[in-house]
Amino acid sequence: MTLSIYNSLSRKKEPFQPRATGRVGMYVCGMTVYDFCHLGHARVLVVFDMVVRVLRSRGLEVRYVRNITDIDDKIIVRANELSEPIDAVTSRFIDAMHEDEAALNVMPPDEEPRATGHIQSIIDMVRVLQDKGLAYQGSNGDVYFRVRKFPGYGALSGRSLDELLTGARVEKDEGKDDPLDFVLWKTAKANEPSWPSPWGDGRPGWHIECSAMSTQCLGDHFDIHGGGMDLRFPHHENEIAQSEGATGKRFVNTWMHNGFVQIDEEKMSKSLGNFLTIRNLLADDPDPNRAGEVIRFLILLSHYRSPLNFSDGILGQARAGLDRLYAALRLAPAKPASALSAEVRSYEAAFQQALDDDFNTPSAIAVLFELAREINKASEARDTALVDELGCALKRLADVLGILYQDPERFLGIGSGSRSGVDGILSASEIENLLAERRQARESRDFARADEIRDQLEQMGVELMDRPDGSTEWRVR
RNA sequence: GGCCCGGUGGCAGAGUGGUUAUGCAGCGGUUUGCAAAACCGUGUACAUCGGUUCAAUUCCGGUCCGGGCCUCCA
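Keep in mind it's a predicted model, so treat the numbers as computed, not measured.

**Here we look at the protein's contact with RNA strand B**
Here is step 1 of the chain: The local shell around RNA strand B holds 57 residues, among which W206, G228, E265, M268 and R454 are the closest.
Here is step 2 of the chain: When atoms of RNA strand B within 4 Å of the protein are split into backbone and base, the sugar-phosphate part holds 65%.
Here is step 3 of the chain: At 2.4 Å, a backbone N or O of M268 approaches a base nitrogen of RNA strand B.
Here is step 4 of the chain: Contact distances for RNA strand B include 3.3 Å between a base oxygen and a side-chain N or O atom of R438.
Here is step 5 of the chain: With nine residues, the top contributor of residues to the surface near RNA strand B is helix α12 (residues 361-380).

**Considering the sheet that holds strand β13 (residues 308-310)**
Here is step 1 of the chain: Read from one edge of the open sheet, three strands run β12-β11-β13, paired in mixed fashion. Only two strands of the sheet have a single neighbouring strand rather than two, namely β12 (266-267) and β13.
Here is step 2 of the chain: Sheet topology note: the strand β11 (residues 261-263)/β12 ladder contains two bridges and is antiparallel. From the neighbouring strand, Q262 faces β12, where its bridge partner is K267.

**Side note on the environment of K13**
Here is step 1 of the chain: As for its position among the elements, K13 is in strand β2 (residues 12-15).
Here is step 2 of the chain: A sequence separation of 238 residues divides K13 from F251, and the C-alpha atoms of the two residues are 19 Å apart.
Here is step 3 of the chain: The contact partners of K13, leaving out residues within four places of it in the chain, are S4, I5, Y6, R305, D357 and D358.

**Quick look at the domain arrangement of chain A**
Here is step 1 of the chain: Assigned domains of chain A: these are domain 1 (7-258), domain 2 (262-411) and domain 3 (413-476).
Here is step 2 of the chain: The partner domain 2 presents 37 residues to the 31 residues of domain 1 that form the contact.
Here is step 3 of the chain: For the pair domain 1 and domain 2, the summed buried area comes to about 3000 Å², and 63% of that belongs to carbon and sulfur atoms.
Here is step 4 of the chain: The largest share of the area that domain 1 buries against domain 2 comes from H38, L39 and R43, three residues that together contribute 23% of it.
Here is step 5 of the chain: Counting every contact that joins domain 1 to domain 2 gives six salt bridges.
Here is step 6 of the chain: Linking R279 and D100 is a salt bridge whose minimum nitrogen-to-oxygen distance equals 3.2 Å.
Here is step 7 of the chain: Scanning the region where domain 1 abuts domain 2 turns up 16 residue pairs in polar contact (both at pLDDT 80 or more).

**Overview of the pattern of salt bridges**
For side chains of opposite charge, pairing can occur when their charged atoms come near one another.
Here is step 1 of the chain: For the structure shown, the criterion picks out 40 salt bridges.
Here is step 2 of the chain: Residue D73 pairs with R203 through a salt bridge whose shortest N-O separation is 2.8 Å. Of this pair, D73 sits in helix α2 (residues 73-82) while R203 sits in strand β8 (residues 202-204), and the two are 130 residues apart along the sequence.
Here is step 3 of the chain: For R203, a relative accessible area of 3% corresponds to the buried category.
Here is step 4 of the chain: Between R396 and E348 there is a salt bridge, with the nearest N and O atoms lying 2.4 Å from each other. Linking R396 in helix α13 (residues 384-401) with E348 in helix α11 (residues 342-356), this pair joins segments that are 48 residues apart in sequence.
Here is step 5 of the chain: A relative accessible area of 37% means that R396 is categorised as partly exposed.

**Points about the side chain of R53**
Here is step 1 of the chain: In this structure, R53 sits in helix α1 (residues 39-57).
Here is step 2 of the chain: Here N105 takes part through its backbone oxygen, which lies 2.8 Å from a polar atom of the side chain of R53.
Here is step 3 of the chain: Ignoring anything within four residues of it in the chain, the contact list for R53 reads N105, M107, R296, D399, V400, L401 and G402.

**Thoughts on the packing of α12 against α13**
Here is step 1 of the chain: Viewed as axis vectors pointing N to C, α12 and α13 meet at an angle of 160°, and their least axial separation amounts to 9 Å. Regarding the angle of α12 to α13, the classification is roughly antiparallel. Considering only the axes of α12 and α13, their crossing is left-handed. Note on element contacts: α13 touches α12 through L386, V387, L390, G391, A393, L394, L397, A398 and L401, opposite T361, I365, L368, L371, E374, I375, A378 and S379.
Here is step 2 of the chain: For the contact of α12 with α13, the class distribution of residues is 13 nonpolar, three polar and one charged.

**Some thoughts on the pairing of strand β3 (residues 23-28)**
Here is step 1 of the chain: Counting buried positions along β3 gives five out of six residues, so the element sits mostly inside the fold.
Here is step 2 of the chain: Sheet topology places β3 next to strand β4 (residues 61-66); six bridges connect them, and they run parallel. By the bridge assignment for β4, Y27 is matched with V65.
Here is step 3 of the chain: Between the parallel pair β3 and β4, the chain is carried across by α1, and the sense of this crossover is right-handed.
Here is step 4 of the chain: Pairing of β3 with strand β9 (residues 222-228) involves three bridges; the strand directions are parallel. From the neighbouring strand, V28 faces β9, where its bridge partner is G226.

**Brief notes about the sheet that holds β3**
Within a sheet, each strand pairs with its neighbour through backbone hydrogen bonds, oriented either parallel or antiparallel.
Here is step 1 of the chain: Pairing is parallel in the open sheet, where four strands are placed in the order β4-β3-β9-β10. Both edges of this open sheet fall to β4 and β10 (252-258), since each of them pairs with a single strand only. The average undirected angle you get between the axes of adjacent strands in this sheet is 20°.
Here is step 2 of the chain: Helix α7 (residues 232-247) rests against β9 and β10 of the sheet, and its axis sits at about 155° to β9.

**Observations concerning the environment of G228**
Here is step 1 of the chain: Structurally, G228 can be placed in strand β9.
Here is step 2 of the chain: The residues contacting G228, other than those within four sequence positions of it, are H257 and N258.

**A short note on the packing of aromatic side chains**
For any pair of aromatic rings, geometry is given as the distance between the ring centres together with the angle between the planes.
Here is step 1 of the chain: One pass over the full model with this rule turns up eleven aromatic pairs.
Here is step 2 of the chain: Plain terms: the ring middles of F36 and F93 are 5.1 Å apart, the flat faces sit at 80° to each other, and that makes the pair edge-to-face. Taken as a pair, F36 in the loop between β3 and α1 and F93 in helix α3 (residues 86-103) lie far apart in primary sequence, 57 residues in all.
Here is step 3 of the chain: Its relative accessible area of 28% is what places F36 among the partly exposed residues.
Here is step 4 of the chain: With centroids separated by 4.2 Å and ring planes inclined at 20°, the aromatic side chains of Y326 and F411 adopt a geometry described as stacked. Taken together, the residues span a long stretch of sequence, with Y326 in helix α10 (residues 314-330) and F411 in helix α14 (residues 408-412) at a distance of 85 residues. Note on accessibility: Y326 and F411 belong to one class, buried.
Here is step 5 of the chain: A network of ring pairs unites the aromatic residues Y27, F222, F251 and W255 as a single cluster.
Here is step 6 of the chain: The ring of F93 is capped by R92, whose NZ or CZ atom sits 5.1 Å from the centre of that ring.

How each quantity is defined
Residues numbered from 1 in each chain as written. Chains lettered and ligands numbered in written order. Predicted model: local features only at pLDDT ≥ 70, side-chain atom pairs only at ≥ 80, totals over all residues. Heavy atoms only, no water. Near = heavy atom within 4 Å. Polar contact = N/O pair within 3.5 Å; in protein donor to acceptor, adjacent residues only side chain to side chain. Helix = DSSP H or I, 4+ residues; strand = E, 2+ residues; numbered from the N terminus. Pairing = 2+ DSSP bridges. Contact = heavy atoms within 4.5 Å. Domains from an automatic or database assignment. Buried area = accessible area lost by both parts, 1.4 Å probe. Salt bridge = Lys/Arg side-chain N within 4 Å of Asp/Glu carboxyl O. Buried < 20%, exposed > 50% of the residue type's maximum accessible area, 1.4 Å probe, protein only. Axes fitted to C-alpha atoms, helices over the stretch in contact; angles between N-to-C directions. Parallel < 35°, antiparallel > 145°, perpendicular 65-115°, else oblique. Left-handed = near helix turned anticlockwise from the far one by under 90°. Nonpolar A, V, L, I, M, F, W, Y, C, P; charged D, E, K, R; others polar. Right-handed = clockwise from strand over helix to strand, strands pointing away. Phe/Tyr/Trp six-rings, centres within 6.5 Å; stacked < 30°, edge-to-face > 60°. Lys NZ or Arg CZ within 6 Å of the ring centre and 35° of its normal.

See below:
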């Protein structure tokens, strides 16, 4: 049983072999903080959080680094629009990102380096590139990477230099020797943040920060580098050129790229303006805690490399599925199981096998649903030992995906732990009063009145479930 | 234009050269005073046209359609 991962570099699934036994170094390109995170960002956050959890569940010691880009053209533009200092803008959106992450149950990375905190190592790397003849200062003062000097250029995106040139739009007003060259260090313009450097005051180009920070945090050569599909070219291609050019060593073993979130079959992006922010989606739900998990579950419900088309009703479907899992989990007390039966082991094996196949989370989740059915069956058969055992397995496996972490009754809105009393919903005591009346009506076989009360509560979003012992349970939808 | 990826039942979404994915929704049944939940059962699903094969949704080729990258973008 070995984990295999699709490597964008070789375009194949490959057995995953950490460089050092038992240890994994992983770097993911994070956010440029000039706005709130949207669903596309949520996908990167959740997908790689899942990857880390799966690796750790296999006993691997993972060092997970995800950067923050806190200096760049867009941020400068945004700060000007808002008439705010740059660092006020970035720190606000960094805080917002951390809130969004928490709502999605995404664990913080082990390190979260920021570009502005690594200017010196960026400068050092640019200098090395220049010394090696791979970089030059152009006529406009900017420093560029000389793409033609790096033999492997195009390997990741699967393109030759000539192909790239055909498609390239010729940029004017730049001091490049070759249109394919890209900027490493930008000369400061008036009223822009800048740092002193051998090439004059300026700031880093986008690509170089990731090369500098990843090698500084994880070493010249590490295991996994991830990010969105759109970063494959040019960003990651350029990172390889910079890092390997500077160190002379192989940079990354496995490149992972997640697919896009789409809306109406079209990529969700800032530039198209068709994005949904995480916080808006959370705010749209009467229960934001639940909504965060629903979004996470929705993301895990499709394979990370496939497009995820967001459409009406899709969140409701995800929610209904989670409800089912939580309802089953609720039947089992949260205590560790004793012996593991062969049956439970086979579910665990199926779950592992699904994830072994390039993190096939939809397939793994299918196993969770099978467990839920078994729990329900065992519960009806009053086999409490089996319920406990299956329940523990469900919880343990769900944990690997970072789902089913809330209290089931809370998630399901059952009883007084629910949102009763807020947002126009009756308070728990008001509901209990109506239930007492209904109970009397039922005892005197006045079913018309009993049903009237049920309908009344139903309209207010309170659902009733009569239990065999005559009591009634209620939940807020 | 160049280079990639994909088209699975009402919806979402895995997978496989011959056998049930899974979930949501629907329908029938068990249960219930009635419900809800749960359980059981239930769908001529694999864009299209050719080819390979005893057998193709699954492999190969063409066609059509959709998406992405080539420019900031997760």
